[in-house]
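The primary structure of each chain is shown beneath.
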Amino acid sequence: MKNSPIKAAITGVAGYLPDYILSNVELEKMVDTNDEWIKSRTGISERRILKGEGLGTSDLATPAVQKLLEKTNTAPTEIDLLICATVTPDHLFPATSNIICDKLGITNIMSFDISAACSGFIFALQTARMYVEAGYYKKVVVVGADKMSSIVDYTDRSTCILFGDAAGAVLIEPSSNEFGIIDVITRTDGSGREFLVQKSGGSVSPSTEKTVANKEHYIYQEGKNVFKFAVTRMADVSAEILEKNNVSSDEIAWLVPHQANIRIIEATAKRMELSMDKVMLNIQKYGNTTAATIPLCLWEWENQLKKGDKLVLTAFGGGFTWGAILLDWAY
Ligand code: UT7
């Protein structure tokens, strides 16, 4: 919020990765692909999959939030708001955020889901920030979680190699120092909706035997088109947030990009004039975990982050949606 006396900051981060590792070698046995193609075209070597009957996105998100509460010494009763970013909710309704709260003993607060695909974490963080800066809430949990394996067609080689399951969560509070979120840019362009979509199961095309037979409940992606938009929009918005705030690339300690394709990440770093050693990159281990990629990076790099480090978080995803966040790491 402009001119707010309160600055919102990330004050803790945690994540959850399911145990099962789906490697490129295993995918070679499932579809006509090979390790070399996947690595060179996407940067991915393996991804995690949540196995087990009856388990959904809340089973990824709940342990991530649980760990976050433990490490930040926060009681469930202290949480004022919980936002879950996901495109693979446990159910179309009720919201997965409600289920996570119930599983953790968080009651009588507002909780809701945000659907912004791979930009979900950016959109949710911006929302959380505004509640904190407006003075409404003091402790807000944002969790990005997706069980992508629930909507992946494992006979489609163009998509099944890309996605994995995971969750990452952050705590947002009023900053106790001068550091925190500096600026956010969030954008959407619904005309891109046809290029990356789950065609059926919603109100426009409810589930029928025909929609199941036609595989319309799986991810449909026109990869080349999405790539073209992603590579320009993510780079543009990351450069724009630096210019807008008169921040030079030398001042950036880390770029934290959504992990969809290493080539998109490299193009963004190049546009920002950043060397790749300043870029958080774990796509090789986890693939594209949609709303979880950015908090997973923060979690993995947490020990290397120093108070006052300037970070740019950026994403592009289905919708289309995209955005960037400039912040000073606050602890
Ligand atoms: O997360 C948010 C949004 N999502 C993205 O940002 C994803 C954006 N798109 C991409 O990352 C890339 O477009 C993909 C990784 C999905 C595909 O890479 P590409 O370099 O754009 O490949 P392509 O779709 O143009 O396919 C090139 C060739 C095709 O063969 P022909 O027509 O040249 O003979 C494909 O059939 O590669 C073939 N191909 C494969 N070959 C081996 C496609 N998938 C595979 C595969 N293994 N898994």
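The written sequence of each chain sets the order in which its residues are numbered from 1. Reporting in this predicted model follows two pLDDT cut-offs: at least 70 for local features of residues, and 80 or more for side-chain atom pairs to be given and counted; totals over whole chains, interfaces and linings ignore these cut-offs and use all residues. To get the side-chain values, all heavy atoms of the structure are used, and hydrogens and water are removed first.

**Comments concerning the overall build of the chain**
Now for step 1: In this description a helix means any DSSP run of H or I spanning at least four residues, a strand means any run of E spanning at least two, and both kinds are numbered starting from the N terminus. Of regular secondary structure, the chain possesses 11 helices and 13 strands.
Now for step 2: The globule rule used here is 2.2 Å times the number of residues to the 0.38 power, and the radius of gyration it is set against is calculated over C-alpha atoms. Whereas a compact globule of 331 residues would reach a radius of gyration of roughly 20 Å, the chain reaches 19 Å, a difference of no more than 12%.
Now for step 3: Projecting the C-alpha coordinates of the chain onto the three principal axes gives extents of approximately 55 × 45 × 35 Å.
Now for step 4: Partly exposed describes any residue whose relative accessible area lies between the buried limit of under 20% and the exposed limit of over 50%, with all areas from a 1.4 Å probe on protein chains only and scaled to the type maximum. A burial count over the chain gives 54% of its 331 residues as buried.

**Quick look at the packing of helix H3 (residues 57-71) against helix H4 (residues 96-104)**
Now for step 1: In the contact formed by H3 and H4, the axes pass within 9 Å of each other and the chain directions differ by 50°. On the basis of the axis angle, H3 is oblique to H4. Helix-helix and strand crossings are classified by hand; for H3 and H4 the assignment is right-handed. On H4, the residues touching Thr57, Ser58, Asp59, Ala61, Thr62, Val65 and Gln66 of H3 are Thr96, Ile99, Ile100, Lys103 and Leu104.
Now for step 2: Grouping the amino acids of the contact of H3 with H4 by side-chain chemistry returns 5 nonpolar, 5 polar and 2 charged. Between the N-to-C directions of two axes lies an angle of 0 to 180 degrees, each axis being a line fitted to C-alpha atoms and, for a helix, fitted only over the stretch in contact. For classification purposes, angles smaller than 35 degrees are called roughly parallel, those larger than 145 roughly antiparallel, those between 65 and 115 roughly perpendicular, and all remaining angles oblique. Here is the rule for handedness: rotate from the far helix to the near one, and if that takes an anticlockwise turn smaller than a right angle the crossing is left-handed, while a clockwise turn gives right-handed. Residue contacts are counted whenever heavy atoms from the two residues lie within 4.5 Å of one another. Basically, the charged four are Asp, Glu, Lys and Arg, the nonpolar ten are Ala, Val, Leu, Ile, Met, Phe, Trp, Tyr, Cys and Pro, and anything else, Gly included, counts as polar.

**Things to note about the sheet that holds strand S8 (residues 181-188)**
Now for step 1: The criterion for strand pairing is that DSSP finds at least two bridges linking the strands in question. Across the sheet, 4 strands lie side by side as S8-S13-S12-S11; this open sheet has mixed pairing. Looking at which strands have only one partner, the edges of the open sheet turn out to be S8 and strand S11 (252-257). Across the sheet, the mean angle from the axis of one strand to that of its neighbour is 10°, orientation sign disregarded.
Now for step 2: Contacts between helix H5 (residues 120-133) and the sheet are confined to S8, strand S12 (310-317) and strand S13 (321-328), with S8 contributing the most and set at about 130° to the helix.

**A few points about the domain arrangement of the chain**
Now for step 1: For the purposes of this description, domain bounds are those given by an automatic or database domain assignment. Domain assignment breaks the chain into domain 1 (8-174) and domain 2 (181-328).
Now for step 2: At the junction of the two partners, domain 1 supplies 51 residues and domain 2 supplies 46 residues.
Now for step 3: In this description, buried area is defined as the sum, over both parts, of the accessible area (probe of 1.4 Å) that is lost when the two are combined. Summing both sides of the interface, domain 1 and domain 2 together bury roughly 3900 Å²; the carbon and sulfur share of this comes to 64%.
Now for step 4: Any Lys or Arg side-chain nitrogen located within 4 Å of an Asp or Glu carboxyl oxygen qualifies as a salt bridge. The interface formed by domain 1 and domain 2 contains 2 salt bridges.
Now for step 5: The salt bridge involving Lys215 is made with Asp153; its shortest N-O contact spans 3.5 Å.

**Some thoughts on unusual backbone geometry**
Now for step 1: Note the cis peptide between Phe93 and Pro94, where omega equals 0°.
Now for step 2: Examined against the element boundaries, Pro94 turns out to sit in the loop between strand S4 (81-85) and H4.
Now for step 3: Along the chain, Gly319 connects to Phe320 via a cis peptide bond; the corresponding omega equals -10°.
Now for step 4: Looking at where Phe320 falls in the secondary structure, it is placed in the loop between S12 and S13.
Now for step 5: One non-glycine residue, Asn108, adopts positive backbone phi at about 60°.
Now for step 6: Along the chain, the position of Asn108 falls in the loop between H4 and strand S5 (110-114).
Now for step 7: Located in the positive-phi region is Thr290, a residue other than glycine, with phi close to 55°.
Now for step 8: Here Thr290 lies in the loop between helix H10 (283-286) and helix H11 (293-301).
Now for step 9: Classification of Thr290 as buried rests on a relative accessible area of 2%.

**Focus on the pairing of strand S1 (residues 8-16)**
Now for step 1: Summarising burial for S1: 7 of the 9 residues are buried, a large majority.
Now for step 2: With 8 bridges connecting them, S1 and strand S7 (residues 165-174) associate as antiparallel partners. Counterpart to Gly15 in the pairing with S7 is Gly168.

**Topic: the side chain of Thr159**
Now for step 1: Mapping Thr159 onto the fold places it in helix H6 (residues 157-160).
Now for step 2: Distance and chemistry together define a polar contact, namely a pair of N or O atoms within 3.5 Å, with one atom able to donate a hydrogen and the other to accept it when in protein, and with adjacent residues in sequence counting only for side-chain atoms on both sides. A distance of 2.9 Å separates a polar atom in the side chain of Thr159 from a polar atom in the side chain of Asp156.
Now for step 3: Those residues in contact with Thr159 that lie beyond four places of it in its chain are Asp153, Ile219 and Gln221.

**A few points about the site of the ligand**
Now for step 1: The full set close to the ligand counts 24 residues, and Thr33, Arg41, Lys224, Asn261 and Asn288 are the nearest of them.
Now for step 2: Side-chain polar atom of Thr33 to a nitrogen atom of the ligand: 2.7 Å apart, as the coordinates give it.
Now for step 3: The contact in question runs from an oxygen atom of the ligand to an N or O atom on the side chain of Lys224, over 2.5 Å.
Now for step 4: Computed by Shrake-Rupley with a 1.4 Å probe, the accessible areas treat only the displayed protein chains as cover when residues are assessed. Protein chains shield 73% of the accessible area of the ligand, which is 950 Å² for the free molecule.
Now for step 5: Of all elements in the fold, only helix H2 (35-42), H6, helix H8 (223-244), helix H9 (262-271) and S12 reach the threshold of two or more residues within the shell around the ligand.
Now for step 6: It is H8 that contributes the most residues to the shell around the ligand, 4 residues altogether.
Now for step 7: Looking at side-chain class alone, the shell around the ligand contains 10 nonpolar, 9 polar and 5 charged residues. We call a residue near a molecule or strand as soon as one heavy atom of that residue lies within 4 Å of the molecule or strand.

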